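# Structural characterization, general
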Number of protein chains: 4
Amino acid sequence: MNHVRNSVRLIGNLGMNPDIRELGNGKKMARFSLATNESRRDAEGNRVTETSWHHLVAWGKSAEIAERFLHKGSEVAIEGKLTHRQYVDREGVKRQFTEIVVNDFLMLGSRQ
Amino acid sequence: MNHVRNSVRLIGNLGMNPDIRELGNGKKMARFSLATNESRRDAEGNRVTETSWHHLVAWGKSAEIAERFLHKGSEVAIEGKLTHRQYVDREGVKRQFTEIVVNDFLMLGSRQ
Amino acid sequence: MNHVRNSVRLIGNLGMNPDIRELGNGKKMARFSLATNESRRDAEGNRVTETSWHHLVAWGKSAEIAERFLHKGSEVAIEGKLTHRQYVDREGVKRQFTEIVVNDFLMLGSRQ
Amino acid sequence: MNHVRNSVRLIGNLGMNPDIRELGNGKKMARFSLATNESRRDAEGNRVTETSWHHLVAWGKSAEIAERFLHKGSEVAIEGKLTHRQYVDREGVKRQFTEIVVNDFLMLGSRQ
DNA sequence: TTTT
DNA sequence: TTTT
């Protein structure tokens, strides 16, 4: 319950169906990308949309709900924790990977 | 004012004095790292502290306030936007860089 | 920009069309109620929905957007500031009124 | 875990020591007031500080931590849920009471 | 007074 | 890769 120190809130759309893995202990993990679209005016005064793609991961119960209810295009609000992992890729290059560990999410616009 | 869609909140300490740049237009930019410390129990039940280091950038007025008041060790609460940039490093490796663009921050524990 | 100190985030539905007022200075004000629905299990294990009704007020540009796009039933995400006002009602009773001054909002599920 | 729908974040100071009650089931409850100070310029351009007093309540483990560590003047960051209760006072007047049910909090400026 |  |  450390979420006063580190909390991310995003509202956007899934770019793909969640990728579900089942771990050795039977616990599920769901990974997906979420696009947040920001609308602003550029130097010429035209409306432009800037899209950011965020990496999300959900565990356990949240992963199961994601598996059942989320799919490509789904609109969701999520709250999670910002994490950064270091790893070495296949070419031996040191890399950083930032992802949001989902604490809670809400499906939106579900009337469709 | 798109911060309903994309908002990060962190409370932690600066790892260094902010790095201040003045851009061509006279606008300032302040960069700094912020550590958030999360306390939890490990498998053996011992208290462990996990530290995450986040990259932050502030612009304009916020950068000026950061320059004047923030320094290594300062405790701050920040609200910002999660952004990801792609770039190619000196070795020609494609990389992603995640940083938080600060919208608002607050110095804490300032009674000292 | 004091929203690190005081910030409310709600996702819910309008109970009515916004009530629009135009002030002497031409600035608009929009008032509306927002329901947040929380689902939980009661002592007997049955799913129950608890609804909270919040009072919201938007000013200026936000009020104009609210007037044009929000109506009874609209699903929205809002970010605002928690405020409390004291007043004396017609019967001379001292009362407190809590409302959220909207900083930013987002219409959800707008595909309908 | 419904906090994507309804979440309040405040950073401020306690106006009093927490008021601790122990309920029949041995569970503790802590009540306290928190002041958030907002700095802004008035019509004449002078800096003015506006203080809002919020009612907070914490339960169980949070209440116990509040009892041990929080006191009048403590600086804290809290995350909670906005709730409204109706009641009838001793004079038979119907009233509303708004309070924030604390989910998580963090003591700040603890170096003192 | 909303929504699922 | 999403959405409007």
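Before reading further, recall that the structure is shown in the block above.
Residues numbered from 1 in each chain as written. Chains lettered and ligands numbered in written order. Predicted model: local features only at pLDDT ≥ 70, side-chain atom pairs only at ≥ 80, totals over all residues. Heavy atoms only, no water.

## Details of the pattern of salt bridges
Which entries qualify depends on this criterion: The rule for a salt bridge is simple: a side-chain nitrogen of Lys or Arg has to be within 4 Å of a carboxyl oxygen of Asp or Glu. Think of it this way: any DSSP run of H or I at least four residues long counts as a helix, any run of E at least two long counts as a strand, and we number them from the N terminus.
Overall, the coordinates contain 28 salt bridges over all chains when judged by the stated rule. In this structure, B:R40 engages B:E50 in a salt bridge whose closest nitrogen and oxygen atoms are separated by 2.6 Å. Of this pair, B:R40 sits in strand β3 (residues 28-41) while B:E50 is found in strand β4 (residues 47-59), placing the two residues 10 residues apart along the sequence. With its nearest N and O atoms 2.9 Å apart, the salt bridge here joins D:E38 to C:K81. Taken as a pair, D:E38 in strand β3 (residues 28-41) and C:K81 in strand β5 (residues 75-88) lie in two separate chains rather than in one. Through salt bridges with shared partners, a single ionic network connects A:R31, A:R85 and A:E99.

## Focus on the interface of chain B and chain A
Threshold: The contact definition used throughout considers only heavy atoms, calling two residues in contact when any of these lie within 4.5 Å. Note on terms: buried area is the combined drop in 1.4 Å-probe accessible area of two parts once they are placed together, counting the loss on both. Any pair of N or O atoms that falls within 3.5 Å is considered a polar contact. Within protein, one atom must be able to donate a hydrogen and the other to accept it, and sequence-neighbouring residues count only if both atoms are side-chain atoms. Throughout this entry, Asp, Glu, Lys and Arg are counted as charged residues, while Ala, Val, Leu, Ile, Met, Phe, Trp, Tyr, Cys and Pro are counted as nonpolar. The remaining residues, Gly among them, count as polar. Two strands make a pair as long as DSSP finds a minimum of two bridges between them.
Contact with chain B, which involves 24 residues of that partner, is made by 24 residues of chain A. Roughly 2,100 Å² is buried in total at the junction of chain B and chain A, and carbon and sulfur atoms are behind 44% of that figure. Applying the counting criterion to the chain B and chain A interface returns two salt bridges. One can count 12 residue pairs in polar contact (both at pLDDT 80 or more) joining chain B with chain A. It is strand β1 (residues 6-14) of chain B that contributes the most residues to the side of chain B that touches chain A, six residues altogether. Split into classes, the residues belonging to the side of chain B that touches chain A amount to eight nonpolar, 10 polar and six charged. Relative to β1(B), strand β1 (residues 6-14) of chain A runs antiparallel, the two being bridged by five bridges. Bridged to A:N6 within β1(B) is B:L10.

## Looking at the relation of the copies chain B and chain A
Just so we agree on the cut-off: The copies were overlaid with a least-squares fit restricted to C-alpha atoms from residues scoring a pLDDT of at least 70 in each copy.
For the pair chain B and chain A, the relating rotation is 180 degrees, the translation along its axis is 0.0 Å, and the fit reaches an RMSD of 0.1 Å. Such values leave the two copies arranged in the relation of a two-fold axis. Of the C-alpha atoms belonging to chain B, the one lying closest to the rotation axis is found on B:V8, 2.2 Å away. A shared binding surface is used by both copies, with 100% of the interface residues of chain B retained as interface residues in chain A.

## Considering the interface of chain A and chain C
On the chain C side, the residues contacting the 10 residues of chain A number 10 residues. Approximately 850 Å² of surface area, both sides summed, lies buried where chain A meets chain C, with 58% of it carried by carbon and sulfur atoms. Counting across the chain A and chain C interface gives zero salt bridges. On inspection of chain A and its partner chain C, the count reaches two residue pairs in polar contact (both at pLDDT 80 or more). Of all the secondary-structure elements, those providing two or more residues to the side of chain A that touches chain C are β1 and β5 (75-88) of chain A. Split into classes, the residues belonging to the side of chain A that touches chain C amount to four nonpolar, three polar and three charged.

## Some remarks on the relation of the copies chain A and chain C
After a rotation of 180 degrees and a shift along the axis of 0.0 Å, chain A superposes on chain C with an RMSD of 0.0 Å. Mapped onto chain C, 100% of the interface residues of chain A are again interface residues, and the two copies thus contact each other with one and the same surface.

## Side note on the pairing of strand β2 (residues 19-22) of chain A
Residue and element names in this part refer to chain A. Inspection of the sheet shows β2 paired to strand β3 (residues 28-41) by four bridges, in the antiparallel sense. Within the sheet, the bridge partner assigned to R21 lies in β3 and is M29. Hairpin connection from β2 to β3: five residues lie between these consecutive antiparallel strands, with G26 at a positive phi of about 85 degrees.

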